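This is what each chain is made of:
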Amino acid sequence: MITGFILRALEGKIIIAIAILLGIAVLVPALNLLTSPDSFFHIPTYAMALMGKYLCYALLALALDLVWGYCGILSLGHGAFFALGGYAMGMYLMRQIGSRGVYGNPLLPDFMVFLNWKELPWFWHGMNYFPFAMLMVLVVPGLLAFVFGWFAFRSRVNGVYLSIITQAMTYALLLAFFRNDMGFGGNNGLTDYKEILGFNVQADGTRAVLFALSAIMLSLCLLFASAITRSKFGKVLVGVRDAESRVRFLGYRVENIKLFTFVVSAMMAGIAGALFVPQVGIINPGEFAPANSIEVVVWTAVGGRGTLIGPIIGAILVNVGKSYFTGAFPELWLFALGGLFIGVTLFMPKGIVGSVQAYLARRKDFRQAADRDAAANDTKPQATPVAAE
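Residues numbered from 1 in each chain as written. Predicted model: local features only at pLDDT ≥ 70, side-chain atom pairs only at ≥ 80, totals over all residues. Heavy atoms only, no water.

Moving on to the pattern of salt bridges. One pass over the structure, following the stated rule, counts nine salt bridges. One salt bridge in this structure joins Asp192 and Lys194, with 3.4 Å as the shortest N-O distance. With a relative accessible area of 26%, Lys194 lands in the partly exposed category. Two residues, Lys258 and Glu244, come together in a salt bridge whose shortest N-O distance is 3.0 Å. On the criterion of sequence distance, the pair formed by Lys258 in helix 11 (residues 254-280) and Glu244 in helix 10 (residues 244-249) is long-range, its members being 14 residues apart. Lys258 sits in the buried class, given a relative accessible area of 4%. Members of the salt-bridge network, linked through shared partners, are Glu244, Arg248, Arg253, Glu255 and Lys258. (Salt bridge = Lys/Arg side-chain N within 4 Å of Asp/Glu carboxyl O. Buried < 20%, exposed > 50% of the residue type's maximum accessible area, 1.4 Å probe, protein only. Helix = DSSP H or I, 4+ residues; strand = E, 2+ residues; numbered from the N terminus.)

So, in structure tokens, the structure goes:
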């Protein structure tokens, strides 16, 4: 059963994408660790960490594509699930600091000592154990998505109303995490990490492993998402996106389908956030900003929603452009981003990958039509010439 589920995901383009990601997972760390800094092929550690961040963003865009591209749920709150996964990882990393903090308290993080906290809050207990922390990376975003989706989907909230509610949820979390008494570091967030699983977070080897894990996890999530969308359940998902009332009249529990997809997508976003934090070195309430969730929508739209690979490409391309423009033309970046979104909406509504697929499909249809016409002409009986008298 599991084998068949996986085999359904292995179409040509997915195999190629996974092979590229796995190749990158090996090649980039090798070029960082095994080549001399003076070598032309050497990849600096900062560049590898930046590429790792791009891969985390690509995983977040893939998570959004699963609910928007295939289920028709335009979520403007996926940044919240990303941030919650990041906070779960950040809490684990803060517990690993121990007495090496500024105040030397073996139990309380520095910001709690500074705020005169006397004991560790209950929700911090267990976060010093890596398996428990990784479980929370999945459980916390998944639980929030389940509770939110349970009420929203059973109330049949759809379209722009659902999008506004998801954005309101994200903004509410932003305001809550900014408060010092929440126990998450307030506006400064969680930072100054020392180690992960006993390894120095700043070491080149640790960063290489984190990059490789980001590429591997992205490939696994791509495989899983492809298996879902190519299964019978995936066909129902597309039906919910295109004709929800018809699917409901056929006897399907549409709210359960939406809820399952929304929870899975939130967990994927949480994984992206957990991989993002140790590579960037900080997590703060700014990750909850509604603008971040809107940017994820832009990445997905640029790459091509409903294609799985498109959002990955869109996230990487847009963030590479962002890194360049914010350095070269910082005052023009937001205008460039807005212009890009408007241009794609007007001239490439299917995104980069969707437009390429549509072009190849038209070209294939044209060739098939030409072959049919040629075959018809070959089989048409020829007129017999009449001999001259």
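So, next bit.
Turning to the environment of Phe347, a few remarks are in order. Tracing the backbone shows Phe347 in helix 14 (residues 333-347). On the basis of relative accessibility, which here comes to 68%, the residue Phe347 falls in the exposed class. Once the C-alpha coordinates of Phe347 and Arg156 are considered, the two residues, 191 residues apart in sequence, prove to be 32 Å apart.

Phi at Asn116 takes a positive value of approximately 65 degrees, unusual for a residue other than glycine. Within the fold, Asn116 resides in the loop between helix 5 (110-114) and helix 6 (130-154). Taking relative accessible area as the criterion, Asn116 reaches 58% and is therefore assigned exposed. At Leu308, a position not held by glycine, the phi torsion is positive, near 70 degrees. Tracing the chain through its elements places Leu308 in the loop between helix 12 (290-303) and helix 13 (309-328). Here Leu308 falls in the buried class, since its relative accessible area comes to 2%.

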